[in-house]
Amino acid sequence: MIIDTVTKNYDSINNKFSSYQVTYVNSNRVKSVPLDEANTDYQAIQQWIADGGTVIDNPPEETP
């Protein structure tokens, strides 16, 4: 499958970057991909980024 978009996911407890959310071209499929270099989906995201893909990053707002 061809990656359409990649978005950073943040942990709701400590607001740390915890995984990627991936959508695919011409598909309703959405995957959550852990930050694990051994994971083949993670490797595909890294290649997609190296090929010019842009990751959407919407970090949560800091609370005082």
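Note that the structure is predicted; figures quoted are calculated from it, not measured.

About the criteria used
- Residues numbered from 1 in each chain as written.
- Predicted model: local features only at pLDDT ≥ 70, side-chain atom pairs only at ≥ 80, totals over all residues.
- Heavy atoms only, no water.
- Pairing = 2+ DSSP bridges.
- Helix = DSSP H or I, 4+ residues; strand = E, 2+ residues; numbered from the N terminus.
- Buried < 20%, exposed > 50% of the residue type's maximum accessible area, 1.4 Å probe, protein only.
- Arc of directions from axis to C-beta.
- Contact = heavy atoms within 4.5 Å.
- Polar contact = N/O pair within 3.5 Å; in protein donor to acceptor, adjacent residues only side chain to side chain.
- Phe/Tyr/Trp six-rings, centres within 6.5 Å; stacked < 30°, edge-to-face > 60°.

*Asks:* Outline the pairing of strand β3 (residues 30–34), listing residues and values.
*Replies:* Relative to β3, strand β2 (residues 17–24) runs antiparallel, the two sharing 5 bridges. Within β3, the position partnered with S19 by the bridge is P34. Where β2 hands over to β3, the hairpin turn is made up of 5 residues, of which N26 adopts a positive phi near 55°.

*Asks:* Account for helix α1 (residues 40–50), with residues named and values stated.
*Replies:* Every buried residue of α1 is listed here: Y42, I45 and W48. Across the axial projection of α1, the buried residues extend over an arc of 120°, all falling on one side. Residues T40 and A50 are exposed on α1 and point more than 90 degrees away from its buried face. In the core, the buried residues of α1 are packed alongside β1 (3–10), β2, β3 and β4 (55–56). Structurally, the start of α1 carries an N-cap: the backbone nitrogen of D41 is 2.7 Å from a side-chain oxygen of N39. Looking one or two residues beyond α1, the residue adopting positive phi is G52, at roughly 110°.

*Asks:* I'd like a description of the packing of aromatic side chains, backed by residues and values.
*Replies:* On inspection of all chains with the given rule, the structure shows 3 aromatic pairs. Considering the side-chain rings of F17 and Y20, the 5.2 Å spacing of their centres and the 75° angle between planes classify their relative orientation as edge-to-face. Residue class for F17 comes out partly exposed when judged on its relative accessible area of 30%. Here Y20 and Y42 contribute two aromatic rings whose centre-to-centre distance is 6.2 Å and whose plane-to-plane angle is 45°, an arrangement assigned as tilted. A residue pair is termed long-range when its members are at least 10 positions apart, and Y20 in strand β2 and Y42 in helix α1 qualify at 22 residues. Residues Y20 and Y42 agree in their burial class; the two are buried. Here the aromatic residues Y10, F17, Y20 and Y42 are joined through ring pairs into a cluster of three or more.

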